[in-house]
Amino acid sequence: MTKHGVAAAHIGAAVVAFAVASLMGVLQALSMADISFPMRSESLYYMAVTSHGVLMALVFTTFFAIGLGYAIAREALGRQTGTRIGWVGFWLAIAGAAAAAWTILTGQSSVMYTFYPPLQAHPLFYIGATLIVVDSWIWVGIILFSYRSWRREHPSDPIPAPAHAVMATAILWSLATVGLAIEVVGMLIPWSLGWFEKIDPMVARTYFWWFGHPLVYFWLMPAYTLWYFVLPHIAGGRLFSDKLARMVFVLFLLLSTPVGFHHQFSDPGITAGWKLAHTITTYAVLYPSFVTAFTIIASLEVAGRMKGAKGLFDWIGKLPWRDPFFASIALAIIGFAFGGFGGAINAAYAMNALVHNTAFIQGHFHVTLGTTVALTFMGASYWLLPRILGRELRFPAVARIQPYLWFFGMTIFSTAYHIAGIRGLPRRVYSASLNGSLGGDWHTLTVAAAIGAIVLFTSAMAYVFVVAATWFAGRKIEAPAIEFAQPVKPEPVAGIWDRLGMWTAIAAVLVIIAYAYPLYQLISHPRFGSPGFKPF
Ligand code: HEM
Ligand SMILES: [Cu+2]
């Protein structure tokens, strides 16, 4: 183990969660398509949807983002304070994830990854999730304290750009998890322990989505950190603009929390004006994503031209398409373009009503989260593991094919569900043929999706295989350095985008503006609440 032990531990745990979740993913795709397999049942299906969603969206992503953030910040700042506390956090999170996973796999918490009340889980599900968040708060603390130590030695330098990105992510996460903490600690844990009988589902959902959308950026920002600060280097080029990179991370910090109502367009109790306000910020947050697409593609063009490309497009051919890190991210970016189209549909109030709660949504978030983020993380593992484990990557030929296989499987899977969703197939249903004659219309599509799912599963296992082989049987080498892309033009002094304290204060004010009054309105409605409901 190198100095990056605590980072490696988090990434290892992430990969274990990913492996289990991938198996659940195929099972539910087969269930939806009415393809039988041993032990197929409704309760297994909802257990699978819950464990897949929780392990993929909450455990895999959070552990990976923490591990990656530790490694990048440590390298960029040249230090890490409080590593021992980081280990305490890691073991708390492992205990929490194990407890929550146990209650799910034994069928006691089939509440899906959104855990909306009145669906009620075993108390250990909520407590376990809380422990993972405690680890993430320790991570935020370590990142910020390491920065303070760096700042004392460099009073007027600009923050090293990769550390700036990790810090913006950490601050965003601390603002987001306030909503989650209020929901889980203030409402769900006491309710699941029977301390009070009834709960208000609307208020709980609102706290959940205060957290739930910035969660998306907690997944995306680590991916973007790699796109901006590592990818151009691997491609043999430069970062196109240091300043734009800093601006983008600050804009995500500001804009990605006050948008949560775009997940609640169909919810009663929130007035149309507030839904509109969150729609406007939703479209505003598209802007830094466009800037990202522009900057990354420009950086890659710089790389191609540094290698001698002269024409309009021949720089594309000069890029290292056989490098698994590069290929994963290039495909992740293509996936993101399609995710962006779908996202604009979801964000438009009227069109949202058409696709709400249909398979369109799972088609959408498997190209965004399931490809843009997850494929970036997979590709990043091939680059990062030798550097944090001090071991040579095993089976590089498998690693080379794996991202293309994922992209191919995802194209079938996601296209099929997008179309099925537009034709009205609900998501989170055990069987697409439950609706009699309508079900027939969906069958070809759900079978196509199941075929895509099998390809995805094959790719997922190839990834897990390479990681495990490298971890346990990779030849010991001197760990290669973690190197970052040099900007075309470096920032000479700390500018406005480095004033993270000020941006944090503004972001907090925006959260208060977005949520204080609507929550006050919801809480002051006369109500009786809802008793808990256990599905099985
Ligand atoms: C082996 C690859 C994968 C397969 C075969 C797969 C399959 C599926 C299927 C069929 C569903 C729909 C469940 C339903 O509503 O009936 C689903 C839901 C979901 N998937 Fe995946 N998936 C895969 C990878 C991923 C990845 C990489 C992520 C994220 C990192 C992810 C996150 C989710 C989430 C959050 C849900 C929503 C669960 C819910 O509705 O509560 N999946 N997946
Ligand atoms: Cu959102």
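A brief structural summary. Computed from a prediction, not measured in an experiment: that's the story for all the values here.

Rules and cut-offs
- Residues numbered from 1 in each chain as written.
- Chains lettered and ligands numbered in written order.
- Predicted model: local features only at pLDDT ≥ 70, side-chain atom pairs only at ≥ 80, totals over all residues.
- Heavy atoms only, no water.
- Donors = N, O, S within 2.8 Å, 3.2 Å for Na, K, Ca; no water.
- Tetrahedral: all angles 85-135°; square planar, octahedral: opposite > 155°, others 65-115°.
- Helix = DSSP H or I, 4+ residues; strand = E, 2+ residues; numbered from the N terminus.
- Buried < 20%, exposed > 50% of the residue type's maximum accessible area, 1.4 Å probe, protein only.
- Axes fitted to C-alpha atoms, helices over the stretch in contact; angles between N-to-C directions.
- Parallel < 35°, antiparallel > 145°, perpendicular 65-115°, else oblique.
- Left-handed = near helix turned anticlockwise from the far one by under 90°.
- Contact = heavy atoms within 4.5 Å.
- 1 Å grid on protein atoms, 1.4 Å probe; cavity = no way out; pocket = protein on both sides within 12 Å on 5 of 7 lines; lining within 4 Å.
- Points joined across faces, edges and corners; volume = space filled by probe spheres on them.
- Nonpolar A, V, L, I, M, F, W, Y, C, P; charged D, E, K, R; others polar.
- Salt bridge = Lys/Arg side-chain N within 4 Å of Asp/Glu carboxyl O.
- Expected span 1.5 Å × (residues − 1).
- Bend = angle between axes of the 7 residues up to and from the residue.
- Polar contact = N/O pair within 3.5 Å; in protein donor to acceptor, adjacent residues only side chain to side chain.
- Near = heavy atom within 4 Å.

A short note on the coordination of the iron atom of ligand 1
Working step 1: Those donors, His52 (NE2) and His366 (NE2), are the protein atoms that reach the iron atom of ligand 1, and they lie 2.0 Å from it.
Working step 2: Considering all 6 donor atoms around the iron atom of ligand 1, the spread of angles at the metal, 86 to 179°, places the coordination shape in the octahedral class. Here histidine 52, found in helix 2 (residues 42–77), pairs with histidine 366, found in helix 13 (residues 359–389); they are 314 residues apart in sequence, far enough to count as distant. Like histidine 52, the residue histidine 366 is buried in the burial classification.

Comments concerning the packing of helix 1 (residues 5–32) against helix 3 (residues 83–105)
Working step 1: Look at helix 1 against helix 3: their axes get within 9 Å of each other, and the N-to-C directions meet at 15°. Put simply, helix 1 runs roughly parallel to helix 3. Of the two elements, helix 1 crosses helix 3, and the hand of that crossing is left-handed. In contact with Gly5, Val6, Ala9, His10, Ala13 and Met24 of helix 1, helix 3 contributes Thr83, Gly86, Trp87, Phe90, Ile94 and Leu105.

A look at the layout of surface pockets
Working step 1: Here the second largest pocket is characterised by a volume of approximately 300 Å³.
Working step 2: If you go around the second largest pocket, you meet 15 residues; those closest to its centre are Phe338, Val367, Ser414, Thr415 and His418.
Working step 3: Put simply, the parts of the chain that give the lining of the second largest pocket at least two residues each are helix 11 (324–347), helix 13 and helix 14 (396–422).
Working step 4: In terms of residue class, the lining of the second largest pocket is built from 8 nonpolar, 7 polar and no charged.

Digging into the coordination of the copper ion (ligand 2)
Working step 1: Ligation of the copper ion (ligand 2) by protein atoms is provided by His213 (ND1), His262 (NE2) and His263 (NE2), these donors lying 1.7 to 2.0 Å from the ion.
Working step 2: Expressed as a motif, the donor residue spacing for the copper ion (ligand 2) is H-x48-H-H.
Working step 3: Given a relative accessible area of 12%, histidine 262 falls into the buried group.

Some remarks on the pattern of salt bridges
Note on pairing: side chains with opposite charge can pair once their charged atoms come close.
Working step 1: Per the counting criterion, the structure on display carries 9 salt bridges.
Working step 2: Taking the shortest distance from any N to any O, the salt bridge between glutamate 75 and lysine 3 comes out at 3.8 Å. Within this pair, whereas glutamate 75 is found in helix 2, its partner lysine 3 is found in the segment before helix 1, the two being separated by 72 residues in sequence.
Working step 3: Owing to a relative accessible area of 24%, glutamate 75 belongs among the partly exposed residues under this scheme.
Working step 4: The residue glutamate 153 makes a salt bridge to arginine 79 at a minimum N-O spacing of 3.0 Å. One end of the pair, glutamate 153, is in helix 4 (residues 123–153); the other, arginine 79, is in the loop between helix 2 and helix 3, and 74 residues separate them in sequence.
Working step 5: By sharing partners, the salt bridges in this structure join Asp242, Arg246 and Asp498 into a single network.

Regarding the environment of proline 155
Working step 1: Structurally, proline 155 is set in the loop between helix 4 and helix 5 (161–192).
Working step 2: Accessibility expressed as a relative area gives 66% for proline 155, which makes it exposed.
Working step 3: Between the C-alpha atoms of proline 155 and alanine 380, which are 225 residues apart in sequence, the distance is 32 Å.

Regarding helix 6 (residues 201–229)
Working step 1: Taking 1.5 Å as the rise per residue, helix 6 with 29 residues should run 42 Å; its terminal C-alpha atoms sit 42 Å apart, in good agreement.
Working step 2: Largest kink in helix 6: about 25°, centred on leucine 220, with the proline proline 222 one to four residues after it.
Working step 3: Burial within helix 6 is extensive, with 27 of its 29 residues counted as buried.
Working step 4: Its side-chain oxygen 2.9 Å from the backbone nitrogen of methionine 202, aspartate 200 forms the N-cap of helix 6.

Quick word on the side chain of serine 241
Working step 1: Tracing the sequence through the fold places serine 241 in the loop between helix 7 (231–234) and helix 8 (242–255).
Working step 2: The buried category is assigned to serine 241, whose relative accessible area is 15%.
Working step 3: Reaching out from serine 241, the side chain makes a polar contact with the backbone nitrogen of leucine 244 at a distance of 3.0 Å.

Remarks on the site of ligand 1
Working step 1: Inspection of the region around ligand 1 gives 27 residues, with Tyr45, His52, His366, Arg427 and Arg428 positioned closest.
Working step 2: Tyrosine 45 places a side-chain nitrogen or oxygen 2.3 Å from an oxygen atom of ligand 1.
Working step 3: Interatomic distance of 3.0 Å between a side-chain N/O atom of arginine 427 and an oxygen atom of ligand 1.
Working step 4: At the level of elements, helix 1, helix 2, helix 13, helix 14 and helix 15 (437–473) are the ones that each hand at least two residues to the shell around ligand 1.
Working step 5: Classifying every residue of the shell around ligand 1 by side-chain character gives 18 nonpolar, 7 polar and 2 charged.

Concerning empty space enclosed by the protein
Working step 1: Under the counting rule described, the total for this entry stands at 2 cavities of 30 Å³ or more.
Working step 2: Taken as a whole, the largest cavity encloses approximately 290 Å³ of empty space.
Working step 3: Those elements that place two or more of their residues in the lining of the largest cavity are helix 2, helix 3, helix 4, helix 5 and helix 6.
Working step 4: In terms of residue class, the lining of the largest cavity is built from 21 nonpolar, 3 polar and no charged.
Working step 5: Of all elements in the fold, only helix 2, helix 5 and helix 6 reach the threshold of two or more residues within the lining of the second largest cavity.
Working step 6: Residue contributions to the lining of the second largest cavity peak at 4 residues, all from helix 2.
Working step 7: The class makeup of the residues in the lining of the second largest cavity is 6 nonpolar, 3 polar and no charged.

Side note on unusual backbone geometry
Working step 1: With an omega of 10°, the peptide bond running from proline 117 to proline 118 counts as cis.
Working step 2: Take proline 118: it is sitting in the loop between helix 3 and helix 4.
Working step 3: Positive phi, close to 65°, is recorded for methionine 112, a residue that is not glycine.
Working step 4: One non-glycine residue, phenylalanine 395, lies in positive phi territory at about 50°.
Working step 5: By the element assignment, phenylalanine 395 lies in the loop between helix 13 and helix 14.
Working step 6: The exposure class of phenylalanine 395 is partly exposed, given its relative accessible area of 35%.

So, to be careful, I would describe these as geometric facts and stop short of saying anything about function.
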